[in-house]
Structure formats: C-alpha cells, structure tokens
Amino acid sequence: MASFTVNGRDYNLDIDPETPLLWVLRDELHLTGTKFGCGVSQCGACTVMLDGMPRRACVTPVSMVEGSAITTIEGVESREAKALQAAWAALDVPQCGWCQSGQILSAAALLQEKPKPTDEDIDHAMAGNLCRCATYVRIRKAIHEAAKTLEG
Amino acid sequence: MDTKTTRRGFLTAGAGLVLALTLPMGRGRAQGVVAAGSEAAPFAPNAFVRIGTDDLVTVMIKHLEMGQGSYTGLSTLVAEELEASWSQMRAEGAPANDELYANTYLGTQLTGGSTGLGNSYIQMRKAGATAREMLVAAAAAEWGVPASEITVKDGVISHAASSKSSGFGALADAAAKQPVPADPAIKDPKDFKLIGTMLPRLDSAAKSNGSAEFTMDVYREGMQTVVVAHPPKFGATVASYDDSAALAIKGVVMVRQISFGVAVYATNTFAALQGRNALKIVWDDSKAETRSTAQIFEEYSAAAATAHTEGFVVESDGDIASIDGAAKILEAEYRLPFLAHAPLEPLDAVIEWKGNKVEMWYGSQTPGFDRIKASEVMGIPLDDVTINVLFAGGSFGRRSPGSSHITAEACEIAKAAGGEGVYKLLWTREDDIKGGYYRPMAVHKMRAGLDADGKIVGWDNSIATPSLFTGTPLEGGMVKDGIDGGSFEGSAELPYAFGSRRVSWKGMPKTVPVMWWRAVGHSHTGYAVECFLDELFAESGTDPMQGRIDLLKPEETRVRGVLEKVKEMSGWTGSVRDGKGYGVAYARSFGTYVAEVAEVENRDGHPFVTRVWCAVDCGVPVSPDVIIAQMEGSIGFGLSAALHSQITLKEGGEVEQANFYNYPLLRISEMPAVEVAIIPSTEMPTGVGEPGVSPVAPAVGNAWRALTGQKRYQLPFSLGEKA
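Residues numbered from 1 in each chain as written. Chains lettered and ligands numbered in written order. Predicted model: local features only at pLDDT ≥ 70, side-chain atom pairs only at ≥ 80, totals over all residues. Heavy atoms only, no water.

Let us look at the sheet that holds strand β7 (residues 164-167) of chain B. Residue and element names in this part refer to chain B. Taken in spatial order, the 3 strands make up an open sheet running β5-β6-β7, and their pairing is antiparallel. Of all strands in the sheet, those bounded by a partner on one side alone are β5 (150-153) and β7. Going across the sheet, the axis of each strand differs from the next one's by a mean of 20°, ignoring polarity. Sheet analysis places strand β6 (residues 156-159) next to β7, joined by 4 bridges and oriented antiparallel. Note that in β7 the partner of Ile157 across the bridge is Ser166. Along the sheet, helix α5 (residues 116-143) contacts β5, β6 and β7; its crossing angle with β5, the most-contacted strand, is approximately 135°. (Pairing = 2+ DSSP bridges. Helix = DSSP H or I, 4+ residues; strand = E, 2+ residues; numbered from the N terminus. Axes fitted to C-alpha atoms, helices over the stretch in contact; angles between N-to-C directions. Contact = heavy atoms within 4.5 Å.)

Turning next to the state of the cysteines. What the rule picks out here adds up to 0 disulfides over all chains. Take Cys531(B): it sits in no disulfide, and the sulfur closest to it among the cysteines is that of Cys614(B), at 17 Å. (Disulfide = S-S within 2.5 Å.)

On to the sheet that holds strand β11 (residues 261-266) of chain B, then. Residue and element names in this part refer to chain B. Read from one edge to the other, the open sheet built from 7 strands follows the order β10-β11-β8-β18-β15-β16-β17, with strand pairing classed as mixed. For this open sheet the edge positions go to β10 (252-258) and β17 (385-389), each flanked by a neighbour on one side alone. Strand-to-strand twist in this sheet, taken as the mean axis angle between neighbours without regard to direction, amounts to 20°. In terms of strand pairing, strand β8 (residues 224-229) meets β11 through 5 bridges, oriented antiparallel. For Val226, the partnering residue across the bridge sits in β11 and is Tyr265. Where helix α8 (residues 269-278) meets the sheet, its contacts fall on β8, β10, β11 and β18 (421-426), and the angle it forms with β8 comes to roughly 25°. Against the sheet, helix α12 (residues 405-416) touches β8, β10, β11, β15 (348-353), β16 (358-362) and β18, its axis set at about 40° to β15.

Attention shifts here to the environment of Val65(A). Residues and elements named next belong to chain A. Within the secondary structure layout, Val65 lies in the loop between β4 (53-56) and β5 (69-71). On the accessibility criterion, Val65 (0% relative accessible area) is buried. Once the C-alpha coordinates of Val65 and Ala2 are considered, the two residues, 63 residues apart in sequence, prove to be 8.2 Å apart. Sequence-distant contacts of Val65, defined by excluding residues within four places in its chain, comprise Ser3, Phe4, Leu21, Leu50, Thr60 and Ile70. (Buried < 20%, exposed > 50% of the residue type's maximum accessible area, 1.4 Å probe, protein only.)

Residues Leu715(B) and Pro716(B) are joined by a peptide bond in cis, for which omega reads 0°. Mapped onto the secondary structure, Pro716(B) falls in the segment after α19 (696-708). Look at Asp51(A): it is not a glycine, yet its phi comes out positive at around 50°. Structurally, the position occupied by Asp51(A) is in the loop between β3 (47-50) and β4. Overall, Asp51(A) belongs to the partly exposed group, its relative accessible area being 48%. Of note, Ala134(A) is a non-glycine position whose phi angle comes to about 55°, a positive value. Secondary-structure assignment places Ala134(A) in the loop between α4 (119-126) and α5 (136-151). Classification of Ala134(A) by relative accessible area gives buried; the value is 2%.

All names here are of chain B. Inspection of every chain in the model, using the stated rule, returns 22 aromatic pairs over all chains. Taken together, a centroid distance of 5.5 Å and an interplanar angle of 45° make the contact between Phe338 and Tyr438 tilted. Remark: Tyr438 occurs in the loop between α13 (429-434) and β19 (442-450) and Phe338 occurs in the loop between β14 (328-336) and β15; sequence separation between them is 100 residues. We classify Phe338 as buried; its relative accessible area is 2%. These aromatic residues form a ring-pair network of at least three members: Trp459, Tyr496, Phe498, Phe532 and Tyr586. Cation over ring: Arg125 sits above Tyr121, and NZ or CZ is 4.8 Å from the ring centre. (Phe/Tyr/Trp six-rings, centres within 6.5 Å; stacked < 30°, edge-to-face > 60°. Lys NZ or Arg CZ within 6 Å of the ring centre and 35° of its normal.)

A separate point is the pairing of β5(B). Residue and element names in this part refer to chain B. Every second residue of β5 is oriented toward a common face, the buried set being Ile150 and Val152 and the non-buried set Thr151 and Lys153. In the sheet, β5 pairs with β6 via 4 bridges, with the strands oriented antiparallel. When the sheet's bridge partners are listed, Lys153 is paired in β6 with Val156. Between β5 and β6, which pair antiparallel one after the other, the connecting turn spans 2 residues, and Asp154 there sits at a positive phi close to 50°.

A few words now on the confidence of the model for chain B. Residue and element names in this part refer to chain B. When pLDDT is averaged across chain B, the result is 94; 94% of the residues are at 70 or more. Between residues 1-36, whose pLDDT stays under 50, and residues either more than four places distant or in other chains, the model counts 73 contacts. At the level of chain-chain contacts, confidence expressed as ipTM amounts to 0.98, with global pTM at 0.95. (pLDDT = per-residue confidence, 0-100.)

This is how it looks when you write it as structure tokens:
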C-alpha cells in the first residue's frame, strides 16, 4: 500500500512499489499534465514538486514518496507558478506544449530560490528541461517577466 | 447525397451537406480542443465554422496542431472575414475526412511541406465570409432592413439607422436557415484588421496549465496499454519468442506477435514495459541491414562520384567541363548523418475496435492516408474508420510516415487481441530513437572552378541519398520519371548566377526506413551548398555577404531582400570581429525566403553560438508572432542537429543511440539570442514551420571556418577535432 498526497488529496494505492511515480500519476490518477518524454531523467517533462522540491517522476519509484506531498501542474498554486503561467500565456511560450508543465515547475523552483534570476541562473536551473520546439528564447523571457510581476 | 463534391463545391453547397455527412462532432471529453465553443452550435454554415448561441466561434482546424500554430493561423483567417472579435474565437482539431478537410494543394488531408497556412488562405477566409454573409442576411430579415446597410465589427452586427445591433449568438439559429452564398466576397488585403497583427495564440493557456489533451493523455474505459518489442536490426523479423516470464508479471494481459514485432498488452504502462523486458525473442536477421553507417557512407561516397552517369542529371546549364580549365579548382565532400525527429511526445495512438468499426485518437499529419490504411488493415469500409486528430507533442514530420506505420501497428494490435477492446500503443524514447524513419544520410560531392579574378565559372554538385517519396502515397505527385525533387531540393534552382552548373542525384537503396524530417531535402543540401559557396568566396577573398548579394540573378529580388535585411540587422562588417566569427547562409524552401547570420565563439575548441539574426519573407505575414516563434524554434532545432545529432549503426546493423543521453538535444544553455525580422509583403502567404531550419547549420559552419580556419565537412560539429 502506497500512501501520499497529490495536490492536497490523500491517496492509498495498492500498487507495485517499484512503479514510477509518473505512471501512478498518469495511469492511476489520470493527472496527465505530467508528461513522459524519456523515462530516464534526461528531459524533465515529468517534473513534479515533491515536498516542495522539483523531482523527475519518471525515475521516482512510488515507494520513495511514502508520506510525501506531491504537487503537479494541475494543482500548483504558488505565487511563482501562477506568475509563470501568466507569463507563459502572455508571451506565447508554448509551441507543441509537451514539455511546458515541466518547464513551469522547474522555473517555479528557480524563482523560489532566486527571485531575480540572471540569464545564467536560468540557463543553469533550466538545463535539465528539454524543449524540442526550442522555445528557450521565450522561456528565458517569461521567467524574467514573471520575476518582474512578483517583485511589483 | 454525393459527398465527393469538389473542394469548391462543398464550400458553396448548402448547409444540409454538413448535416447529411453527420460529421463526427461528438465531444464527450474534449479532444484537441482549446476551450471549445458551445456544445450546441446551431450555426454551421460549412465544415469549418461553428457559431453557438453563446457567441463563441469554433473553427474546425484541418491541420495538425503540433506546435507550428495552425490553430491560431487558420482561426485568424476565419475571424478576419467573419469580422469576429479575437476573444470569441476557439479552435478544434478536425477529424479525418478527405472530402471536407483535404489540403487544397495536395488533395488529401495532410499537414506537411509548410503548406498549412498557404493552402488554407483563401479557403478559410471564404469560410468566414460565408458565415458573415449569412449572419447579415439573418439580421436583415429579422430587422426588416436592407442587408447592404448592415455592418459587422468586432463580433457585433449593427444597423446604424435603426440603432439595432446583435452579437452572433442571438442570430445563429436564424443564420442557419439562410441560403449559403455561392461566392462570398473576401476583403481587399488593405482592409485587414487581424491578419498581420500580433494576436495571442489560442492554445497557450491550455499548454501552460496541463489541461491540453494529447494522445498519451487519453484514458478510455477498459483501455490496455501496449508496447511492442521491435526488431533491433532494420529488416529483421521474429523467428520465435518465449512470453512465459512476461505473462507472469502482474498486469500483463496477453502477448501477441504482429508484423511489427511482439506486442505486450497490460492494464498499465509499467506492467507493459516490464513485460516487454521479460520477453525472450529470437530474431531472424537474414534480411536485415547489417552494415555500419560508416560502411554505408563509403557506398554513398562512391555513388556520388558517378551520380551524373549512374543516376540523374537533374539540372544542367552550360558546359561543366569549363571547371577543368579554371584557374583554380576546389573540391569537397560533405557527409550528413541519419537524424531522428525525436518529438518530445513519443509516438502513440489510441484505438477502439468495436467489432465492425474502428475509432482512433492521435496526432497525425496524414489522417487521409491513415484512414485508408486503417480500413485496409481492419478490412472494413473507409466510412467505418473514425480518426480524431489530437494535439501532437511535436512531430517535425515524424507523424506523417507515408507508410502510416503507426496506424497500421495500432490496428494490428487491436486485431490480434481477438475481440472488441480499447488499446493505447505507446512507443518509448528508445523505440523512437532506434525505430528508423530517419532523415536519410546524404553525401554531397562538390566541385567548382574559379577564374583568375576569383569569379565562379562552374559549379558541380553530385548527391547520393535515398528517394523520400518513392513507395509512399505521395509518389505519384512528387516523383517524376524516377526523379524525386525532395532528395535534392536546395541544391537545384539556386538563385546564384554560376557560370556552368550541374546537379546530379543518385537514389540510394532504403535498407533503413527514412522519411522527411523538418525542412526535408534542404536539411542536408543547405549545409553543402552554403558552406561550399563560402569556401569559394574565402578562396577569392570575397566577403561572403556581399559576395552572395552580387552573385544573385537580377530577378531574385526577394532573396536580395532577406540578405540585405540580415546584413543590416546583424551590423555585418565581415566574417570576424572582436574574436567572434560571423557566418551567413540563405535558403528558399517551401516558397519562403530566409537568411540567417550566426555569431560564433570558440569555446574549448568547439563552436558556441551566441546570437542569430534571421530575416524571413513568407509573403503576407498572417500571424507575425507565430512566424517569429517558428524562426526561433527552427533555429534551435537546426542548431540541435548541427551541434549534436547523429544516428549511427554499428557493424552488425544495430543503432548505437538509445535516448537523450546519447542522442542529445539542444538545451537552454546552448540557445543563442535570436532576432527575427519579417519582410513586409503582399505575395501569397507561404509556410514558416520549416524554412528557418536549414540556414543555421551552414551559417555556423561558415562562421567557424572564418574564425578558426577549420572546415567541417561532416555533421554534427561535435565529431570535429578541437580548434
């Protein structure tokens, strides 16, 4: 039995403890905003917040999240995440959109740590999130934009 | 009712046509929908426009939204002529239906070749104008005033003299009863209000909060997840297999052999993946490609040398022997590798077999071909195949294999299960990277002569690469007398006035499945042509920017336009400035003209690209911000391949790459700053999804040669020695 919370809701699941959190979120809870891109922690599309820290759900067995609080893109409510989502839409960052949940959660973690990141900070913090459409120019811009609105 | 009306016919036919076709409009759980308009849309004047009583206008988008902006671009065209407010526009993916949703350039429902906007330009505007005229007619009848006195603006229908006004929704029912105008008037472009303006994309919010629905996100009642063990070598087949360990895994439901390999069906993804790992398969390699890519390159190199006699001379002008008498002769051989498209959403499809009908949900660039394939594999009439087209998490050509192999694989899975059921076919990243359908390898042999003044007197380009279109449903239209233009486009029809010129092509055997990859032939020809041209300029001491401009044929004004613009934007002063290299390259692809300048630094002996300037002329710029986004993304996509990407086969024939750790993609830390300028134009709009891709690699290669003296004849750059 695996017990944890997702987006504030308690879950107790009878499931193979080796099952990656990604497939628990998707197959069992149908929280499909968390995406599968590589399965080996190379692309960041499956990024979720685990007890407030970004985590790759594809390489996190559900046994590891026992008693933890998980936040996915569907439930993220931090000021940073909301500002980022608004900037993402305002600047039309997404193209295909597949990676963007992971991008936004990684960016939210960055802004929590560094409210006014430089381009270098962004490149460093976001280098684990691939975007095959290469929306990187706008991701940088939108993170700066979100930082600005949070400041105000 | 005859449903095989001409494309023009259905636009001008009565509204009853749409109703009689009983379009698959069911939207139980919204698929590929961006906050779709009202469920009850009483006014559907044609196959493209639905207007609900809530004033929302939903445009049925016949082109796959895979990131390139089709939802936004096509909706802009409708809104412009409908005189709608942008805030009331919604979009939804159109299902597979060649009669209604064919690409007007290609005659089948297909998203590709950067044709989406261009082929829809008049069609979507007419669709919007039809709806507007019917709304106006309804208002005129209801208010008892002449239609000619009614105006429509920002989604409001008004009659000034009587002070009457209405939104679209209140008149939707009445408009549906009006006759469909035979030939609705569309605007003079000078009256455009939305076309050419910076409108927000329709899908950004849904793609920023996790609600946008893609294929992999579809979960239907009783659905099983299926992964397939594909042969590790191209052309291999299953000799035998042992599934006992797989079937022992909790959640694995069954294992079936299909023509694509061995399929594992499970109640969840993890069980399916574990089940596949537990299979013991003996493969029959007797018909497999077992050579390495290094060996294949040698074959291509030899074939390129004799392409003018053993293949086709596809373009010829003047006496190529003039090179032999030139003051200086230069030769080079360029080698371009197999490339995987690697869309971030791996390939997938959901299929429901209902005993005599099949319904599918997935992102497809070729729903028209896929529907035919599904009908063939399942052995049912075309009308019993429904394909719902969802958002695709990237594609770059990958979701348009001419063979419709993903459709076929899903259908075989449904068939092999032995009864009714719902299945999600899932490819893992390893399936994707190792699974073929690559941008083909290519070898370009280049030879040119310069006279004593450094003027180019002859240009000879011999290419060895497979035909892309032969053996696909597009062969009839794209391959003429054995000559496939997709294999050498970008090498032929150059804007430069060379003295004599010859372009030859030898089509190589397709022992590894290959297909079009973003920018198609230009993805390899662009590198060879624009790098070799730069070498000739370097040899004669000519500035590569001015050299290109001076070499243009006089009629090439649009090429001149993008080169002059990028020269100005980049503040071009020459190839090296303050320790940085600057390279320029140009391409005309899919009717669009793009010139790019790359600024390159030497970091640890390898090129690092800091900035790229891009000038693009794509005719009327319908959605400028989408154009800018596509140029930014294309530059990143092209750079990813130039710096990092290659698929290689080791001796024995197995693919050496598996996932992003050895098929690396560009990361944000490698993304240059990008500045884009759009050339104002009144020409027919042309595509922007692909044309930005091909110039970036040669621009970087040219900058690098200027900076370091090092010529890179093989991509990716990561293969090169440190400079």
